[in-house]
Amino acid sequence: MSDFKKVTDTVSVSPQIGKADIDAAKDAGFKLIINNRPDGEEGGQPKNDDLAAYAADKGLKWATIPVVGGQLTFESIEMMAMALKDADGPVLAYCRSGTRSCTLWSLAQALTGAMETPDILAHACAKDHSGRPGAGLLPLRHPVLHAMVFGTGADRCDGNTGHSRPRRQGRL
């Protein structure tokens, strides 16, 4: 069963996908799939080339922007921004859990100025369409990091989007 988490109307993220997920992505109207995992990150992980070929057979575009967990680079953020800009329809990005893909999306938005920081955070921390906590800036659920962005307060980024603007401007 596919675990696509909607970040915006045009971008969703997911944990590792397989061929059945590619079929589901096609049926859901995605036009581009972005792989943010390096090959061999985990035993039994499908190979990028195999999934890319399968997606191509289904008429989906494919981009590979592999990022080792915890090792984001400016180049990978730029590549994500370009892939999103050039997409001609809805995008599904995936990694091991979806968090890395959501983080790349967030940083690409900040880099290009496509969204203001509070809006990026609202999307990245929002509940998805099924009511589950959203796509994945999970570190912002940590009270100290949350306070840096939204100011002090008891509420945290726990899937509620009550933050239309932060109480105090902060930087990621």
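Residues numbered from 1 in each chain as written. Predicted model: local features only at pLDDT ≥ 70, side-chain atom pairs only at ≥ 80, totals over all residues. Heavy atoms only, no water.

With respect to the secondary-structure elements, Arg100 resides in helix H4 (residues 99-112). We classify Arg100 as buried; its relative accessible area is 12%. Sequence-distant contacts of Arg100, defined by excluding residues within four places in its chain, comprise Asn36, Arg37, Pro38, Glu41, Val67, Val68, Gly69 and Cys95. (Helix = DSSP H or I, 4+ residues; strand = E, 2+ residues; numbered from the N terminus. Buried < 20%, exposed > 50% of the residue type's maximum accessible area, 1.4 Å probe, protein only. Contact = heavy atoms within 4.5 Å.)

To continue, consider the side chain of Ser101. Tracing the sequence through the fold places Ser101 in helix H4. Relative accessible area serves as the criterion here: at 0%, Ser101 is assigned to the buried category. Separated by 3.2 Å, the side chain of Ser101 and the backbone oxygen of Tyr94 make a polar contact. Not counting residues up to four positions away in its chain, the partners in contact with Ser101 are Val13, Asn36, Met80, Ala93, Tyr94 and Cys95. (Polar contact = N/O pair within 3.5 Å; in protein donor to acceptor, adjacent residues only side chain to side chain.)

Looking now at the pairing of strand S4 (residues 61-64). Sheet analysis places strand S3 (residues 32-35) next to S4, joined by four bridges and oriented parallel. Bridging across to S4, Ile33 finds its partner in Trp62. In terms of handedness, the path from S3 via helix H2 (residues 48-57) over to S4 forms a crossover that is right-handed. (Pairing = 2+ DSSP bridges. Right-handed = clockwise from strand over helix to strand, strands pointing away.)

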